[in-house]
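Geometric and topological summary
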Amino acid sequence: MDDHRYNVLFLCTGNSARSIIAEALLNRHGRGRFKAYSAGSHPKGEVHPYTIELLRSLGFETDAFRSKDWDEFARPGAPELDFVFTVCDNAAGETCPVWPGQPMTAHWGIPDPAAAEGTEAQKHLAFAEACRMLTNRISIFVNLPIRSLDRIALTRKLAEIGEMDRTPERRSA
């Protein structure tokens, strides 16, 4: 039985929607095997209200979620990270801090629901779609045989997960 708990950081620019949703989902679906965190390169300072509404509708307690800077996870005393995933294309192109312990990294780009335009229903749908995409990716991730994969195979699997649900034009991004 593998009793190691993996620490995972989800990064986005604003840390107000996608990365927060991913943190919530992995902490639920990881069932104690994973501890998820989220942060942003330029945090908005608050979690998007639609993110809170979505998570509450899914039965999550939302009081502890906050928009925070990724530097919190590069400081002494921060959790040692096993995995770092960028969930927005902007954060993937930015220079990240040096993470202690050389965690595995991958880009799992998801369209930004906070940038959605249109009716309120269309905006809510964008958040639900981001959640669906993240749920699919996280479900596959938590079921990977991490301990039995070498670093090269695991890197390949993480990249494949990041390509899920991407349209051909987004794959080249």
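The sections below set out a description of the structure shown in this document. Every value quoted in this text rests on a predicted model; they were computed, and no experiment measured them. (Residues numbered from 1 in each chain as written. Predicted model: local features only at pLDDT ≥ 70, side-chain atom pairs only at ≥ 80, totals over all residues. Heavy atoms only, no water.)

With respect to the environment of Gly162
We apply this condition: Per the convention used, a helix needs a DSSP run of H or I reaching at least four residues, while a strand needs a run of E reaching at least two, with both numbered from the N terminus. Buried, partly exposed and exposed residues are distinguished by accessible area as a fraction of the type maximum, computed with a 1.4 Å probe on protein chains only: under 20%, between the cut-offs, and over 50%, respectively. A contact between two residues is defined here by any heavy atoms of the two lying within 4.5 Å.
By the element assignment, Gly162 lies in helix α5 (residues 151-163). What makes Gly162 buried here is its relative accessible area of 2%. Residues Gly162 and Thr86 lie 76 residues apart in sequence; the distance between their C-alpha atoms is 9.4 Å. Residues contacting Gly162, with those up to four places away along its chain left out, are His107, Trp108 and Arg137.

A look at the sheet that holds strand β3 (residues 83-86)
Strand pairing in a sheet relies on backbone hydrogen bonds, with the paired strands running either antiparallel or parallel. Applicable threshold: Two strands qualify as a pair provided that DSSP identifies no fewer than 2 bridges between them. Helix axes are fitted to C-alpha atoms over the stretch in contact, other axes to C-alpha atoms as well, and angles between N-to-C directions run from 0 to 180 degrees.
What the 4 strands build is an open sheet, ordered β2-β1-β3-β4; its pairing is parallel. The open sheet has two edge strands, β2 (34-40) and β4 (104-107), and neither has a second partner. Averaged over neighbouring strand pairs, the angle between their axes works out to 20° when direction is ignored. Bridge count between β3 and β4: 4 bridges; the pairing is parallel. Within β4, the position partnered with Thr86 by the bridge is His107. Seen against the sheet, helix α1 (residues 18-29) touches β1 (6-12) and β2 and runs at an angle of roughly 175° to β2.

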